[in-house]
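Residue-level listing of the chains:
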Amino acid sequence: MIHLISLFLLLFSPLLFQLISGIKAIKYSISLSFWEVSLISLLGHVAFAIINLEIMSESLRHATHRNGLAWVFLLIMECIVGAILLIVILIQRYIQYRKNKSNEGGNPN
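Just so we're clear, the structure is a prediction, and the values are computed from it rather than from any experiment. (Residues numbered from 1 in each chain as written. Predicted model: local features only at pLDDT ≥ 70, side-chain atom pairs only at ≥ 80, totals over all residues. Heavy atoms only, no water.)

Novice: Explain the overall build of the chain to me, please; I cannot follow it from the model alone.
Specialist: Broken down by element type, the chain carries three helices and zero strands. For the C-alpha atoms alone, the extent of the chain along its principal axes is close to 70 × 20 × 15 Å. For the chain, the residues scored as buried account for 28% of the 109 residues in total. Here the contacts in the chain between residues at least 6 apart in sequence split such that 66% fall between residues at least 24 apart. Split by element, the accessible area of the chain, about 7,500 Å² in all, is 73% carbon and sulfur. Put simply, the chain has 8 plus and 5 minus side-chain charges, and the middle of one group is 12 Å from the middle of the other. (Helix = DSSP H or I, 4+ residues; strand = E, 2+ residues; numbered from the N terminus. Buried < 20%, exposed > 50% of the residue type's maximum accessible area, 1.4 Å probe, protein only. Contact = heavy atoms within 4.5 Å. Areas by Shrake-Rupley, 256 points an atom, 1.4 Å probe, with all protein chains shown as cover. Lys, Arg positive; Asp, Glu negative; His and termini not counted. Charge placed at Lys NZ, Arg CZ, Asp CG, Glu CD.)

If you want it as structure tokens, here you go:
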């Protein structure tokens, strides 16, 4: 049971980090830039995917039924969450672009 909880925490934590910190980076309320937040999210997703797959492999070694379908399911879920993470990054980047463009248009210089 603890493996299942840790798998889901590791699966969704980079996405939650990107959503929360990305919004703060766009509003300039944290010291990290938007690209630094995005890089941390992407590298965290890759690292957590490797850790998740290792945890799943270890739990399958101790299982009575050694079906690798759970490992494949986790790999597919990692790819789906990674795609969602990229979409969130692109949407936030577009929002940042529009915000910067509207700020430049408002200046009389």
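Novice: Sorry, what's going on with helix 1 (residues 2–26) here?
Specialist: With 25 residues, helix 1 extends 35 Å from end C-alpha to end C-alpha; this agrees with the ideal 36 Å at 1.5 Å per step. The principal kink in helix 1, of about 35°, is found at S13, preceding the proline P14 by one to four residues. Buried within helix 1 we find L7, L10, L11, P14, L15, Q18, S21, G22, A25 and I26. Just downstream of helix 1, Y28 is the residue with a positive phi angle, here 60°. (Expected span 1.5 Å × (residues − 1). Bend = angle between axes of the 7 residues up to and from the residue.)

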